[in-house]
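What follows is the residue order along each chain.
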Amino acid sequence: QLPLVESGGRLVQSGDSLRLSCAASGQTSDFYAIGWFRQAPGKEHEFVATITWNGGNTYYTDFAKDRFTISKDDAKNTVYLQMDSLKPEDTAVYYCILNPHYRAGAWSKPEFTSWGRGTFVLVSA
């Protein structure tokens with residue numbers, strides 16, 4: 001069973017809002033943080049935001065700071081990514097990753113962690 005499952009992606013129009021969910025299952029005592037990453041068509045994966053599991057500290061990449069909000073619901077073991085004022089360039093598959101690494105000022109997926117299925121967000125112009 002996958003520890004994290006993404007959902008909520010769909011077709012939206014430019015300027016719309018959308019909330020993605022990342023549901024955690026299993027033993028969460030090993031959870032330190034959950035991060036959202038995305039991969040636009042033809043591009044590399046890029047970091048979006050991270051939230052620590054205990055304490056709820058948040059970290060954002062520059063493009064996400066003003067429009068995206070990461071949060072979590074402890075009762076549901078779910079992390080959300082609220083995306084507002086969506087733009088066509090936000091079109092991507094969005095992934096949540098358990099315990100992303102922070103090194104040299106950047107967040108990244110742990111080497112032996114799979115990307116999972118992700119959830120596709122398509123923003124039309």
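To be clear, the structure that these remarks concern was listed above.
Now for a description of the structure that goes with this document.

Below, the discussion takes up the sheet that holds strand β12 (residues 119-124). The sheet built from 6 strands is open, its strands ordered β2-β12-β9-β4-β5-β6 with mixed pairing. Each end of this open sheet is capped by a strand with a single partner; those strands are β2 (11-13) and β6 (58-60). Sheet twist, expressed as the mean angle between neighbouring strand axes with direction ignored, is 25°. Relative to β12, β2 is paired through 3 bridges, and the arrangement is parallel.

Take a nonpolar patch on the surface next. Side chains of Leu11, Phe120 and Leu122 sit close together on the surface and give an oily, nonpolar patch of about 280 Å² of accessible area. For Phe120, the location among the structural elements is in strand β12. Owing to a relative accessible area of 41%, Phe120 belongs among the partly exposed residues under this scheme.

Right, let's talk about the state of the cysteines for a bit. Following the criterion strictly, the structure yields 1 disulfide and no others. In this model, Cys22 is linked to Cys96 through a disulfide, with the two sulfur atoms separated by 2.2 Å. Looking along the S-S bond of the Cys22-Cys96 disulfide, the torsion reads about 80°, which is the right-handed sense. One end of the pair, Cys22, is in strand β3 (residues 18-24); the other, Cys96, is in strand β9 (residues 92-98), and 74 residues separate them in sequence. Taking the relative accessible area as the measure of exposure, Cys96 reaches 4% and is therefore buried.

Calculation criteria
Residues numbered from 1 in each chain as written. Predicted model: local features only at pLDDT ≥ 70, side-chain atom pairs only at ≥ 80, totals over all residues. Heavy atoms only, no water. Pairing = 2+ DSSP bridges. Helix = DSSP H or I, 4+ residues; strand = E, 2+ residues; numbered from the N terminus. Axes fitted to C-alpha atoms, helices over the stretch in contact; angles between N-to-C directions. Patch = residues over 30% accessible without salt bridge, like charges linked within 9 Å, V, L, I, M, F, W, Y side chains within 5 Å. Areas by Shrake-Rupley, 256 points an atom, 1.4 Å probe, with all protein chains shown as cover. Salt bridge = Lys/Arg side-chain N within 4 Å of Asp/Glu carboxyl O. Buried < 20%, exposed > 50% of the residue type's maximum accessible area, 1.4 Å probe, protein only. Disulfide = S-S within 2.5 Å.

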